[in-house]
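A structural walkthrough
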Amino acid sequence: MLGRNAPGRGCSSRVTQLSPSVLSSSYFLIHLVKKRIYSKSFFSYQMLQVHLMVCFLSQSWDAYFRNAQASSPVGEAEERRPSMLLQGRAMSQTPAMSLKVVEDHLAVHNLIRAYQVQNHNDFAPTFIVTPDDASQTLGFYGLDESDLDKTFQLPSTTFIGGHETTLPLREIIHRLETSYCGHIGMEFMFINNVEQCQWIRQKFETPGIMKFTDREKRTLLARLVRSTRFEDFLARKWSSEKRFGLEGCEVLIPALKMIIDRSSAAGIESVIIGMPHRGRLNVLANVVRKDLDQIFCQFDPKLEAADEGSGDVKYHLGMYHERINRETDKNITLSLMANPSHLEAVDPVVQGKTKAEQFYRGDTEGKKVMSILMHGDAAFAGQGVVYETFHLSELPSYTTLGTIHVVVNNQIGFTTDPRMARSSPYPTDVARVVNAPIFHVNADDPEAVMYVCRVAAEWRSTFNKDVVIDLVCYRRFGHNEMDEPMFTQPLMYKQIRKQEHVLKKYADKLISEGVVTLQEFEEEVAKYDKICEEAYTASKDEKILHIRHWLDSPWPNFFTAEGEPKCMSYPPTGLTDEVLKHIGEAASSVPLQDFSIHSGVSRILRGRADMVSKRTVDWALGEYMAFGSLLKDGIHVRLSGQDVERGTFSHRHHVLHDQEVDKRFCIPLNHLSPDQAPYTVCNSSLSEYGVLGFELGFAMASPNALVCWEAQFGDFHNTAQCIIDQFISSGQAKWVRNNGIVLLLPHGMEGMGPEHSSARPERFLQMSKDDPDRYPFTGDFEVQQLYDCNWIVVNCSTPANYFHVLRRQILLPFRKPLIIFTPKSLLRLPEARSSFDEMTTGTKFRRIIPDEGPASKNPGKVKRVIFCTGKVYYELAKERKQLKLEDTVAVVRLEQISPFPFDLIKAEVELYDNAEMIWCQEEHKNMGYYDYVRPRFLTVLSNKKPVWYVGRDPAAAPATGNKFTHLAELKRFMDTAFDLSAFEGRSF
């Protein structure tokens, strides 16, 4: 097969002009021949022809060789002169004949390159989807049949010669066909690194390199037996159950085990795995080594579920297991991540967890922890998060130093064939964006698969870069075992039904080679069948289905042995004045000498120093205090997102940049004390889905870290909704997995238009699981509520409360996701500052902030209580003061919205028993908090009094794009909020 895209002799190309002295230089010609410049993309074949002709006309070959050797040292002359083969032919022929010799050599070199570039010919096991035939005739390169027995010098860019430097053209083509036109196809010539390309060529072109010992073949057969017989066993016992079996790609199991074996041998101690549903049970059983009886339990519909959450279907569950790798006799930890049906959503989560494990182990070179990601062909090409995840692969704060991607290429997606599923030739083309080599391999050739997996593991170990294995296989049944694929792919499935099982083919091959006997093979099959039957019998004794047996990210010593919190309380979150002052001084200074900062940043630091001297904090300084105090206590803090180092609103400045020295920067929070934990603050790529998934995975690795993701604007979480819905809000219920990730979502109606106003709090509140109609009465009210909820939603109105809620996130005896609607205009509002007195020893997060003005002193005179949350409080307080209603109207701030603080709201309602209750929000009525808080207020009020709504009217868009309309809406609902007769005569 000859390359379609190779440069042809007849192509036209513009010739670059060079000086006559260069053109006439003998060295120029020999440099071209020796160094193979013609293979570079910037140098055309025609250009080379012109230069060669000039060289031949200017001097004879004979004179060149005499002069070159006379004027150069021995080593240099040896480097400069062409091969002995070229010398011999050129010196014995006329210049015209010598030119033909060189042209033929260049043609052969182009031919070799064509194989390397476009070589994907015979790797599809069923020929269901056949790649384009790119073969050309020898004439395409100016060669013909008479050249087949001529001997040619091999270029340095091929290893097909082994120890030989010259070969006949016929043998060159034969060896190229062997390397590139069998069951393995390679895409690597797009990689712009010569060393890496040479490494791959050597691995696949060297004659006889793909060899396996008899022991390796027997091991492969045994693994293939387990993979195949496991699926057969499930099919026999539960023929009508969905299991998304591996039939058609049984070689995946030995493939993964080969990758793990080679990686373990290279020093890897932990492997984090992500995969879709197809083949998951087999991977759990035969790779991770989950107990078979626990897998079989999942098929029993009569088992009662333990009270640990909602659970999930068996082909979504994960597992964590530490065991001895039998091939290397080393300990290895395998973690298969649980994931939803949203294909590829788990990719960035796996990468984040891998990065975290590398971080905590000090594995800066990726030599101890790695990730393996499995994909379906349709999802790999179709899901954008694949692209987002690839683009994290070489970013300093996100790289996992090489991931091995394994694509189970069924050549179909549910019922859609590749012609309708992608525009690219292969499903793996997305990997080209990061220069990852792609190895296509026929999954019906187990030894070819094993060799590719071995090379992939060695590539990752050598270069710490991503690599893709495309297992070109088929799906023996439909999308699931109950599906009928003949409806949509009749011809394809007629062919699949004729396809012989890979286990039988490989067993017959080894038996014919004398590697195993038929009896040994049958004994291996019987042995595994017996293991399955015994596990099936044992599974009948199980009475309760425990989800926690499937935990993929355990936290040793954080919970009790039963997985429960060690206590149900937490200490106050305040700090001493000394600690606050120390952190404040760090926040307002530059710890490095001779460091030139921007004048605007210098002004900000002076402002912080002034606040510290006055014992006050704004939002940025309050956050600094929270982060700094946790770092001093040994808690790692990681803040990630778009532009978080400076902050979207230029308020944070956690990374200072030297104005005189390029790439010199300083992070003051890493200079607090010698024994502090490290602080990671990193601007992310312009991705939400991928980056939020990554940070979620990072937060899974350890409970002793504060991991925060900040959206550039709150509504930017829209494109990460899959991570929020499928992992963050429901992850604990489905997979018994605690996670303490913090989402910082800038929110507030500032007249900036529909897109930069609302963080969509209604979505988070709708997914909060607390019952609006039930008043909880158990234990420590605050902590018990937090333990029972699925996440915590807050909208803090003071820097002090923001400080406390961040610290509480770590001091709680369990972990829950924390959603914080952060401010924009309040960042610089003078009224929105807090005193050290609100943050000192003994203080803690305030779930509500009651009215502390004249109204609270004489509650009997209060006619209206306005409950609100967030920024609108300051607008209400300003309006109330102007109207002189401070003793008549009380304003209560709801800081923790979910779980709803029933106990504190009840106390406020009882305090102002004679007043009417108002809920005021700046969001539109069908958005924001109203639909969440109203039924809960009515529960507190026993449905005896109404809670009236004050705010913007219902709307389709979150905010207006017109500043005048924005201000008119604000005035309208402010007038209503303080019109004490606004709701007179209305019925409840």
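Just so you know, these numbers come straight off a predicted model, no measurement behind them.

Before going further, it helps to examine the overall build of the chain. Check the secondary structure of the chain and you find 35 helices and 28 strands. Across the 988 residues that make up the chain, the buried fraction comes to 60%. For the chain, long-range pairs separated by at least 24 residues make up 81% of all intrachain contacts whose partners lie at least 6 apart in sequence.

With that settled, consider the packing of helix H33 (residues 902-911) against helix H34 (residues 930-940). With their axes 10 Å apart at the nearest point, H33 and H34 run at an angle of 60° to one another. In terms of axis orientation, H33 runs oblique to H34. When you trace H33 past H34, the crossing you get is right-handed. Contact with H33, carried on its side by Phe902, Ile905, Lys906 and Val909, involves Arg936, Phe937, Thr939 and Val940 of H34 and no other residues of that element. Looking at side-chain class alone, the contact of H33 with H34 contains five nonpolar, one polar and two charged residues.

Taken together, the eight strands give an open sheet; going across it, the order is E3-E10-E11-E9-E8-E4-E7-E6, and neighbouring strands pair in mixed fashion. This sheet does not close on itself; its edge strands, each paired only once, are strand E3 (184-187) and strand E6 (319-325). Sheet twist, expressed as the average angle between the axes of neighbouring strands with direction ignored, equals 20°. In this sheet, strand E9 (residues 403-409) lies alongside strand E8 (residues 369-376) in parallel orientation, the contact comprising six bridges. Following the sheet pairing, Met374 is matched in E9 by Val406.

Summarising burial for H34: eight of the 11 residues are buried, a large majority. The complete set of buried residues in H34 reads Tyr930, Tyr932, Val933, Arg936, Phe937, Leu938, Thr939 and Val940. In the stretch just after H34, Ser942 is the one whose phi turns positive, near 55°.

Next up on the list: the side chain of Glu923. Assignment of secondary structure puts Glu923 in strand E27 (residues 916-924). Within the buried core, Glu923 has no salt-bridge partner, and the shortest N-O distance to an opposite charge, that of Arg952, equals 7.1 Å. In this structure Glu923 touches His747, Met749, Gly928, Tyr929, Tyr949 and Arg952, once residues within four positions along its chain are discounted.

Applying the stated criterion to the full structure yields 40 aromatic pairs. An angle of 45° between the planes, with centres 5.9 Å apart, marks the rings of Phe627 and Tyr679 as tilted. Linking Phe627 in helix H24 (residues 619-632) with Tyr679 in strand E17 (residues 679-683), this pair joins segments that are 52 residues apart in sequence. Phe627 gets classed as buried once you look at its relative accessible area, which sits at 0%. The class for Tyr679 is buried, based on a relative accessible area of 3%. Taking the centre distance of 5.1 Å and the plane angle of 5° together, the rings of Trp948 and Phe983 count as stacked. Placement of the pair is Trp948 in strand E28 (residues 947-952) and Phe983 in the segment after helix H35 (963-977), with a sequence separation of 35 residues.

It is worth spelling out the environment of Glu542 at this point. Tracing the sequence through the fold places Glu542 in the loop between helix H21 (518-539) and strand E12 (544-545). For the pair Glu542 and Asp293, spaced 249 residues apart in sequence, the C-alpha separation works out to 8.8 Å. With residues up to four places along the chain from it excluded, the contact list for Glu542 reads Asp293, Cys297 and Leu303.

We now examine the environment of Val601. Position of Val601 among the secondary structure elements: in helix H23 (residues 599-613). Judged by its relative accessible area of 13%, Val601 falls in the buried class. Placed 56 residues apart in sequence, Val601 and His657 show a C-alpha to C-alpha distance of 9.6 Å. In this structure Val601 touches His653 and Leu656, once residues within four positions along its chain are discounted.

One finds Leu252, Phe296, Val406, Ile469, Leu743 and Trp919 to be the most contacted residues of the largest nonpolar core, which totals 177 residues. Examining the composition of this core, we find that 11 residues originate from one element, helix H18 (residues 446-463), more than from any other. In contact with Phe296, other than residues within four places in its own chain, are Phe230, Phe233, Leu234, Trp238, Cys532, Ala535, Tyr536 and Ser539. The next biggest cluster of nonpolar side chains, apart from the first, holds 79 residues, and it includes Met611, Leu669, Val681 and Val950.

Low pLDDT means the predicted coordinates in that region are not meant to be read closely. Per-residue confidence for the chain gives a mean pLDDT of 87, with 88% of residues at or over 70. Of the regions scoring below 50 in pLDDT, residues 1-81 engages in 138 contacts with residues more than four places distant in sequence or in other chains. Contacts for the low-pLDDT stretch residues 127-135, under 50 throughout, to residues beyond four places or in other chains number 18 contacts.

Let us look at the side chain of Gln642. Within the secondary structure, Gln642 is located in the loop between strand E14 (636-641) and strand E15 (656-657). Residue classification places Gln642 among the buried positions, given a relative accessible area of 5%. Excluding anything up to four places from it in sequence, Gln642 contacts Thr648, Ser684, Ser685, Leu686, Ser687, Glu688, Glu710, Gln712 and Phe716.

Let's shift gears to the environment of Glu782. If you trace the backbone, Glu782 turns up in helix H29 (residues 781-788). The buried category is assigned to Glu782, whose relative accessible area is 7%. Ignoring anything within four residues of it in the chain, the contact list for Glu782 reads Tyr570, Arg808, Lys844 and Arg847. There is a polar contact of 3.0 Å between the side chain of Glu782 and the side chain of Arg808.

So, on to the sheet that holds E17. Reading across the sheet, the seven strands line up as E17-E14-E18-E19-E21-E20-E26 and stay open at both edges, with mixed pairing between neighbours. Two strands lie at the open edges of the sheet, namely E17 and strand E26 (896-898), each paired on one side alone. Put simply, the sheet's adjacent strands are angled 20° from each other on average, direction ignored. Judged from the three bridges that link them, strand E18 (residues 705-710) and strand E19 (residues 742-746) form a sheet pairing that is parallel. Looking across to E19, one finds that Cys708 is bridged to Val742.

Procedures and definitions
Residues numbered from 1 in each chain as written. Predicted model: local features only at pLDDT ≥ 70, side-chain atom pairs only at ≥ 80, totals over all residues. Heavy atoms only, no water. Helix = DSSP H or I, 4+ residues; strand = E, 2+ residues; numbered from the N terminus. Buried < 20%, exposed > 50% of the residue type's maximum accessible area, 1.4 Å probe, protein only. Contact = heavy atoms within 4.5 Å. Axes fitted to C-alpha atoms, helices over the stretch in contact; angles between N-to-C directions. Parallel < 35°, antiparallel > 145°, perpendicular 65-115°, else oblique. Left-handed = near helix turned anticlockwise from the far one by under 90°. Nonpolar A, V, L, I, M, F, W, Y, C, P; charged D, E, K, R; others polar. Pairing = 2+ DSSP bridges. Lys, Arg positive; Asp, Glu negative; His and termini not counted. Salt bridge = Lys/Arg side-chain N within 4 Å of Asp/Glu carboxyl O. Phe/Tyr/Trp six-rings, centres within 6.5 Å; stacked < 30°, edge-to-face > 60°. Core = buried A, V, L, I, M, F, W, Y, C linked by side-chain atoms within 4.5 Å. pLDDT = per-residue confidence, 0-100. Polar contact = N/O pair within 3.5 Å; in protein donor to acceptor, adjacent residues only side chain to side chain.

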